[in-house]
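Listed here are the chains, written in short residue letters.
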Amino acid sequence: MPDQFDLPRRLAAEALGTGILVATVVGSGIMAESLTKDVALALLCNTLPTGAILVVLITVLGPISGAHFNPAVTLVFTGKRELPVNDAALYVVAQIAGGIAGTMAAHLMFGLPLIDLSTKMRTGGPQWFAEAVAAFGLVATILAGIRFQRTAVPWLVGLYITAAYWFTASTSFANPAVAIARSLTNTFAGIRPNDLPGFILAELCGAFAGMLLMNWLLGPPQARGPIPIAETTR
């Protein structure tokens, strides 16, 4: 369990996990663009490695830090009073730093500049709503998975993100740290830095809404109330 590991090791796990996740997203996008000009096929090539690496990362790093790799998820657990505010702030810093390192690692592997600000436009109401939906679904998946089938959470998250790549107009960033890291690559996975505020705000709103709904939906059942006299005489 995460509380068995000290804070430095938990922060290292969050940075490492977010970094590998971003390296996978960015690197698979670069590879896809180099192999095909078919945008749909490139997106599929970007989707499958992302879903797969999430299963791996959550399985191996979850016991250390909880495997958030996402400031929105961290804030949800802070809102549920399962993670102290000070720890949460450090988690977010580690996630953002790890994500940036992941972009740089992907660029190094493919011989690109370490930092190359994206010019890919991702903005507008439909994109923002899609990000809110993506983050809402991610949080709902995590919280319900923890409640009913904790050991399946890595697969649930990996499969959810794999699906959300395709059913959301934004291709489901669902993660402020990943969004920031993706603004630093002018490749398939990029997003313009100017478009970050809308994406991040939408992700946080979606995550908060997901937490509120699941807190109610998964809360303790209401008491049945007094048993009618007719039932006591049967």
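Rules used in this analysis
- Residues numbered from 1 in each chain as written.
- Predicted model: local features only at pLDDT ≥ 70, side-chain atom pairs only at ≥ 80, totals over all residues.
- Heavy atoms only, no water.
- Phe/Tyr/Trp six-rings, centres within 6.5 Å; stacked < 30°, edge-to-face > 60°.
- Buried < 20%, exposed > 50% of the residue type's maximum accessible area, 1.4 Å probe, protein only.
- Helix = DSSP H or I, 4+ residues; strand = E, 2+ residues; numbered from the N terminus.
- Lys NZ or Arg CZ within 6 Å of the ring centre and 35° of its normal.
- Patch = residues over 30% accessible without salt bridge, like charges linked within 9 Å, V, L, I, M, F, W, Y side chains within 5 Å.
- Areas by Shrake-Rupley, 256 points an atom, 1.4 Å probe, with all protein chains shown as cover.
- Salt bridge = Lys/Arg side-chain N within 4 Å of Asp/Glu carboxyl O.
- Axes fitted to C-alpha atoms, helices over the stretch in contact; angles between N-to-C directions.
- Left-handed = near helix turned anticlockwise from the far one by under 90°.
- Contact = heavy atoms within 4.5 Å.
- Polar contact = N/O pair within 3.5 Å; in protein donor to acceptor, adjacent residues only side chain to side chain.

**A look at the packing of aromatic side chains**
Inspection of the entire model under this criterion finds two aromatic pairs. Consider the rings of Tyr160 and Phe167, whose centres lie 6.2 Å apart with planes at 75°: the pair is edge-to-face. On the accessibility criterion, Tyr160 (13% relative accessible area) is buried. Its relative accessible area of 49% is what places Phe167 among the partly exposed residues. Residues Phe173 and Phe199 carry aromatic rings whose centres are separated by 5.0 Å and whose planes lie at 70° to one another, so their mutual orientation is edge-to-face. Taken as a pair, Phe173 in the loop between α6 (153–167) and α7 (176–182) and Phe199 in helix α8 (residues 196–217) lie far apart in primary sequence, 26 residues in all. This pair shows no difference in class: Phe173 is buried, exactly as Phe199 is. Sitting over the face of the ring of Phe188, Lys120 holds its NZ or CZ atom 4.7 Å from the ring centroid. In this arrangement the basic side chain of Arg182 is found over the ring face of Phe173, its NZ or CZ atom lying 3.6 Å from the centre.

**Some remarks on the environment of Met109**
Mapped onto the fold, Met109 is located in helix α4 (residues 85–109). Taking C-alpha positions, Met109 is 8.0 Å from Gly27, a pair spaced 82 residues apart along the chain.

**Examining a nonpolar patch on the surface**
A surface patch of nonpolar side chains, amounting to about 490 Å² of accessible area, comprises Met31, Leu35, Met109, Phe110 and Leu112. With respect to the secondary-structure elements, Leu112 resides in the loop between α4 and α5 (125–148). Using a relative accessible area of 33% as the deciding quantity, one classes Leu112 as partly exposed.

**So, the packing of helix α3 (residues 71–79) against α8**
Axis angle and axis distance: for two packed helices, these are the angle between their axes and the distance between the axes, and together they describe the pair. Contact geometry of α3 with α8 gives a least axis separation of 9 Å together with a crossing angle of 35°. Here α3 and α8 pass one another in a crossing that is right-handed. Judged by residue contacts, Ala72, Leu75, Val76 and Gly79 of α3 engage Glu203, Leu204, Ala207 and Met211 from α8.

**Topic: the side chain of Ser118**
By the element assignment, Ser118 lies in the loop between α4 and α5. Among the residues examined, Ser118 registers a relative accessible area of 5% and is labelled buried. A distance of 3.0 Å separates a polar atom in the side chain of Ser118 from the backbone nitrogen of Lys120. Here the side chain of Ser118 touches Ile191 through a polar contact of 3.1 Å, landing on its backbone nitrogen.

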